[in-house]
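Each chain, written out:
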Amino acid sequence: VPVVVNDAAASAAPVGIPLETTPSATSTAVPPPSQSSKFAINAKVIQRTTSRQGREKQRWEAIPKRGQLYRLTTGAVPIMKDGRILLCSSSRKEEWILPKGGWDNDESLEESAIREVYEEGGVIGSLGP
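Scoring rules and cut-offs
- Residues numbered from 1 in each chain as written.
- Predicted model: local features only at pLDDT ≥ 70, side-chain atom pairs only at ≥ 80, totals over all residues.
- Heavy atoms only, no water.
- Helix = DSSP H or I, 4+ residues; strand = E, 2+ residues; numbered from the N terminus.
- Buried < 20%, exposed > 50% of the residue type's maximum accessible area, 1.4 Å probe, protein only.
- Contact = heavy atoms within 4.5 Å.
- Areas by Shrake-Rupley, 256 points an atom, 1.4 Å probe, with all protein chains shown as cover.
- Patch = residues over 30% accessible without salt bridge, like charges linked within 9 Å, V, L, I, M, F, W, Y side chains within 5 Å.
- Salt bridge = Lys/Arg side-chain N within 4 Å of Asp/Glu carboxyl O.
- Lys, Arg positive; Asp, Glu negative; His and termini not counted.
- Charge placed at Lys NZ, Arg CZ, Asp CG, Glu CD.
- 1 Å grid on protein atoms, 1.4 Å probe; cavity = no way out; pocket = protein on both sides within 12 Å on 5 of 7 lines; lining within 4 Å.
- Points joined across faces, edges and corners; volume = space filled by probe spheres on them.
- Nonpolar A, V, L, I, M, F, W, Y, C, P; charged D, E, K, R; others polar.
- Polar contact = N/O pair within 3.5 Å; in protein donor to acceptor, adjacent residues only side chain to side chain.

Caption draft 1: View of the overall build of the protein chain. Counting secondary structure elements, the protein chain contains two helices and 11 strands. When its helices and strands are written in sequence order, the protein chain yields β-β-β-β-α-β-β-β-β-β-β-α-β. Buried residues in the protein chain amount to 36% of all 129 residues. In the protein chain, the proportion of contacts linking residues at least 24 apart, taken out of those at least 6 apart, comes to 62%. Approximately 8000 Å² of the protein chain is accessible, and the part contributed by carbon and sulfur atoms is 56%.

Caption draft 2: Examining a positive patch on the surface more closely. Among the surface-exposed residues, Arg55, Arg92, Lys93 and Lys100 lie close enough to one another that they form a single positively charged patch. Within the secondary structure, Arg55 sits in the loop between helix H1 (35–47) and strand S5 (60–63). Owing to a relative accessible area of 46%, Arg55 belongs among the partly exposed residues under this scheme.

Caption draft 3: Structural context of the layout of surface pockets. The calculated volume of the largest pocket comes to roughly 690 Å³. What lines the largest pocket is a set of 24 residues, among which Arg92, Lys100, Gly101, Glu116 and Glu120 lie closest to the centre. Looking at the lining of the largest pocket, the elements with two or more residues in it are strand S10 (100–102) and helix H2 (109–121). The dominant element in the lining of the largest pocket, judged by the number of residues it contributes, is H2, at four residues. Residue composition of the lining of the largest pocket, grouped by class: one nonpolar, 10 polar and 13 charged.

Caption draft 4: Looking closely at a nonpolar patch on the surface. Residues Ile85, Leu87, Trp96 and Leu98 make up a contiguous nonpolar surface patch of about 400 Å² in total accessible area. Tracing the sequence through the fold places Ile85 in the loop between strand S7 (73–80) and strand S8 (88–89).

Caption draft 5: A look at the side chain of Gln58. Counting through the fold element by element, Gln58 comes out in the loop between H1 and S5. Here Gln58 falls in the buried class, since its relative accessible area comes to 10%. Here the side chain of Gln58 touches Arg71 through a polar contact of 3.0 Å, side chain to side chain.

Have a look at this one:
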């Protein structure tokens, strides 16, 4: 599993489905981001002034054999520079959770994972080994 390395605050291992999938499209593997695109993703995520909300722009995958539709999500395990793992509180649960959430149609897997960590944990990182 790739590790997110952050010079400023944290690192994280992405958690999610390593495929770009929509209900109407064929699944294709997502290539790993280049070093320059890693920083471009962080800049794009940091520039947002509000968290994304709603499920209408999120990715879904249909499983015809089961007759079910699944919402695709991404997240990460943020590892701080000192080795501690960053957990977030949840308004719906008493437990501490890892940052995760819906994977939007206009995002790569990497961008979605970084965005979720930033929105829910307040740290930014870059994906890579």
